[in-house]
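# Architecture at a glance
If you want the building blocks of each chain, they are given just below.
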Amino acid sequence: VSVLFDSGPRLRIEEFRLLRDLINKFCGISFAPESRFVLERRLKDRLEALDLSDFGQYYQYLRYHPQRFAEIERAVECLTTNETYFFREDYQLWALRDQILPEIHERKGKREGRRRLSVWSAGCSTGEEVYTIAMIIEGSGLFEGWDVRVFGNDIARNVLQTARRAIYGPSSFRAMPRSYEHYLVETPEGRQVHPRIRAMCHFGHLNLLEGQRAAIVGRVDVILCRNVLIYFDSESRSNVIETFYERLGAGGYLLLGHSESLLNTSTSFELVHLDRDLVYRRATEASAETESDE
Amino acid sequence: VTPEEIRTGLSDPDVEVRRRAVLALDGATDDEAPRLVLEALGDTEWRVRKEAARIAAQLSRTHSLVDELTSAVSQGENIGLRSAAIEVLGLLGPGVADRLVAALDTVPEAGRKFLVAALGEVGGDAALPALAAAAKSDDVNLVAAAVDALARIGGDAAAVALRDRLAAGDAFIRLAALDGLDRIGAIIPYEELEPLVGDRLLRRVALRALGRTKTRRAVPALREALEDPSPHVVGSAAASLYAICRDVPEAVETLAAEASHVSTGARETLGRLVREGDLPTRRGAALVSLLAQDEANLHEVVALAAQEEVPPTIAHAFRRWGRASVPPLLSVHEESVGVGQAVALELAAELAADDDDSRLHDDVIRSALRRGLRHPESSVCVAAARGLASFATADDAGRLVAAAAAGPEQLARAAGKALRSLRERAPEAVEAVLSKVELDGPGGAALTQLVGEASGERAFTKLSAAISADDPRTRIAAINAFVRIGGSRAAEQVGLALADESVDVQAAAAHALGELRNDAGDPVGIEELLLTLTSTEPTVQAAAARALASTGEERAIEPLRDLLREGRPGVALASMAALRSLSDPSLGDLLVEALGHQDEEVVKEVLAAIAESGGARMASRLAVGLSHPAWDVRRRAAELLGGVGGPAAREALAERQEIEEDDLVSEALSAALEETGPA
């Protein structure tokens, strides 16, 4: 597989459409016609791994093979995985630290009995964002004695294995502030996230389009879904946003990537202007029953 | 709910009560319903108006509300009512355009622009002449509304009307027209655009439009715009330069000649745009930077390449820079982290390897690749292994085997490929390290493949061990290696794998038995393959079906027919292909039956078999595929009918072309009609 030179099988226009539609049906991700070369380049590696000679065979593999669901997950992983690292797009994380978490602490801290903070990193890839959020929560010192849970999901199982292992190479720490480095421990294979932080984090295999299955996440206070919605078609995006709305408790926050917005999606979210960021929020006066399954 | 209750509800101060009152009008048939819904369209609350608009559109099926809606559009008091009425008319669609056009002459002058806006929502060809006329009016507001409406409707006729306004005296009308043409993606001839580029107000939109001209003549004007002080203008010019170079590859040379004149200031802007622009702008800025051989922007360009695949136009620009870009790329590699580091190394290796004369003497790149192979980031190791395919020497054989054995899988494959290339240059070194390697673990499959390419007893012994390895991928690689070796001994080894616990290994074994021949050159394992047709695993059944086709075994025909009728789609597909290959004498009858198979892949295979079978009714049978609900079946049918030719095929193709809506099928129909020749 060459970066610059065309080699190996070509993705014909009809194969592109068949593969594109199959992937879209599976997980809502959509590819414009000009993405054909992207699919060709990235899926060539899968053809090589499966010893297939053309994309027609790959399509039939995805249709009929007993491992087809696992393979389509791998295809999606190849096509969508963005490089991720600790404290990526940190301005938003500082908004979480400085304004969102204190507000939640203030609002929920007054309650009697068990107090709980739940955050969902939707499309967490190899887990750096999940651990980053957990470090920020722990570092804030606001939630001692609370039940704190940070849940990360991804459609690709392979990345979840990496996430659970929590050992990362140097490039994952390129933006890591020194003040958070004490949450890492050295191992012979690389730096690993501290067991105390890992204990706060949970991972699961979840297709965001399967709205009903998202109920396993429970009711959450904050959802971070950054640089994920850009891959979806508008209908799937609406469905996913609806799922997020259902999963958020009253007053819960939705944080999207810097290039993403709900501008063209009809939603019930309200826009909140924070000092460093614009975020979406489920209205606080939302019905009380939304809290019932906490 | 009675009409009285609805009426009361619509006057309630509570928005939710009013909204529910509107919802109660859903499906109402009484004569008062239209009046009530029109009243609700003028509600002060948008949520009430939204529901009312939907219900008004439904009610219009039984009660014509067009006159009332027209009045609501042209009135000047209630803006909410006007917007809601326009929305309802939009929902009613082109069927009401004639009545709106007629009303243009009767409504008050101040209301005409709103009616024109409504025509834009309604759409349809009937609206276009009136809009084109309105676009030429003396009333600037009416012209602006007409131009916007034309852009909403789009199409060739709208584009003609908009182009006509590019010469308008008022600069804002020219801008609105040009913006409208931009919105519909119209292609405007270069000659018409060139004078507009100099107009400060129109410049950005004109530059964007130049990107659609598909002519290299636009390159100098766009290059000049890169010197504009506004980064937005530079971005538009860069994106258009990319579009032209993508559509007209020769334009790359024109731009390359121009790119060396780009000023330092413009280069800095381009560097920022590669990092921060939208994707078309980033690509355009990267293209210009590469053609200008701008080392200062190379870091940003590599970062873009790490996030996005390198499109062919950008790849061409890299290749044009060639080997001279290798030292700066290696610097970028040293300074980057993560995927960018890997991509820079891989690009450097590919560009260095493109120069055959010097690659075997390039110690700098070789050293970088060797270091990369030991890097803690897997992506860098993979890039290094890929590069070593061209640069490895005998000394690297051990390193590459170690990398392959350690994995992960992608690195193992890349290292395996590098070893294969190295074997051509240093066979003894590679054989020496392979003789000691254990065939299992992450690199087992890649290394087994390499061992299988060697001959001799030692390789056979290693493969016999590999066929029992823990990793099923290694076992499959061993099976495939035995196919290459061939002969009775290899067939014996493979036969046992039909009982493997892995479905994939069983399927690989079945496939291999179809390929293998004994020492006398005869097929082997036919009895086992016939038995395998009854496997409970569809993948194994399908592999056995295809394998039996390779053996030419006629006893397979009967069970394959059954599998075509009753098997799961993947099995039916393989059975169909096998029956074609075995030249089943009764295939014709089966084909007609199989044309109705629920799975489109099977139907495509059936169509191919019909085209192969010949006969008087071939064209009419293929034509059945033209009305299949799946676009890919229709496309395949069109392609096959084009190959068959003749009046019947031509007639069927032409008939389908009349109604076909799918662009890919339509394209295939046109090509097929051309292939069949004139009627």
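Data block above holds the structure.
Residues numbered from 1 in each chain as written. Chains lettered and ligands numbered in written order. Predicted model: local features only at pLDDT ≥ 70, side-chain atom pairs only at ≥ 80, totals over all residues. Heavy atoms only, no water.

## Things to note about the pattern of salt bridges
Filter applied, for reference: Basic side-chain nitrogens of Lys or Arg form a salt bridge, by our definition, when they fall within 4 Å of a carboxyl oxygen of Asp or Glu. To sort residues, take the accessible area from a 1.4 Å probe on protein chains only and compare it with the maximum for the residue type: under 20% means buried, over 50% means exposed, and anything in between is partly exposed.
By the definition in use, this model includes 88 salt bridges over all chains. Salt-bridge contacts for Glu186(A) lead to Arg191(A); the nearest nitrogen and oxygen are separated by 3.2 Å. Overall, the relative accessible area of 22% leaves Arg191(A) in the partly exposed class. Arg399(B) is the partner of Asp396(B) in a salt bridge, and the nearest nitrogen-oxygen pair spans 2.6 Å. Overall, Asp396(B) belongs to the buried group, its relative accessible area being 0%. The class of Arg399(B) is partly exposed, set by a relative accessible area of 35%. A cluster of three or more residues bridged by salt bridges with shared partners is formed by Arg12(A), Glu14(A), Glu15(A), Arg635(B), Arg636(B), Glu639(B) and Glu667(B).

## Observations regarding the interface of chain B and chain A
Put simply, the test is: In what follows, a contact means two residues having at least one pair of non-hydrogen atoms within 4.5 Å. Once two parts are joined, some of their accessible surface, as seen by a 1.4 Å probe, is lost; buried area is that loss totalled over both. Numbering of helices and strands runs from the N terminus, with a helix taken as a DSSP run of H or I at least four residues long and a strand as a DSSP run of E at least two residues long. Classification used: nonpolar for Ala, Val, Leu, Ile, Met, Phe, Trp, Tyr, Cys and Pro, charged for Asp, Glu, Lys and Arg, polar for all others including Gly.
Between chain B and chain A, the residue contacts involve 44 residues of the former and 31 residues of the latter. Overall, the association of chain B and chain A removes approximately 3200 Å² of surface from exposure, summing both partners, and the carbon and sulfur fraction of that is 52%. At the junction of chain B and chain A, the tally comes to eight salt bridges. Of the charged contacts, one joins Arg413(B) and Glu48(A) as a salt bridge, the two residues approaching to 3.5 Å between their closest N and O atoms. Here the element with the most residues in the side of chain B that touches chain A is helix α23 (residues 339–353) of chain B; it accounts for five residues. For the side of chain B that touches chain A, the residue count by class is 15 nonpolar, six polar and 23 charged.

## Structural notes on the sheet that holds strand β4 (residues 184–187) of chain A
Strand-to-strand pairing in sheets goes through backbone hydrogen bonds, with the strands running parallel or antiparallel. Residues and elements named next belong to chain A. This is how the line gets drawn: By this definition, two strands are paired if DSSP reports at least two bridges between them.
Reading across from one edge, β3-β5-β4 is the order of the three strands in this open sheet, with antiparallel pairing throughout. The open sheet terminates on both sides in strands that have one partner only, identified here as β3 (167–168) and β4. Sheet topology note: the β3/strand β5 (residues 190–193) ladder contains two bridges and is antiparallel. Across the sheet, Ile167 pairs through a bridge with Gln192, a residue of β5.

## Some words on the packing of aromatic side chains
Selection rule: Here is the rule: rings of Phe, Tyr and Trp (six-membered ring for Trp) pair when centre to centre is within 6.5 Å. Planes less than 30 degrees apart are stacked, more than 60 are edge-to-face, and the remainder are tilted. Criterion for a charge above a ring: Lys NZ or Arg CZ within 6 Å of the ring centre, and within 35 degrees of the ring normal.
Summed over the entire model, instances satisfying the criterion amount to 14 aromatic pairs over all chains. Plain terms: the ring middles of Phe460(B) and Phe482(B) are 5.1 Å apart, the flat faces sit at 65° to each other, and that makes the pair edge-to-face. Of this pair, Phe460(B) sits in helix α31 (residues 457–466) while Phe482(B) sits in helix α32 (residues 472–485), placing them 22 residues apart in sequence. We note that Phe460(B), like Phe482(B), is buried. An aromatic cluster is defined as three or more aromatic residues linked by ring pairs; in this entry it consists of Phe86(A), Tyr131(A), Tyr168(A), Phe173(A) and Phe203(A). If you follow Arg191(A) out to its NZ or CZ, it ends over the ring of Phe173(A), 5.1 Å from the centre. Seen from the ring of Tyr245(A), Arg282(A) lies directly overhead, with NZ or CZ sitting 4.2 Å from the centre.

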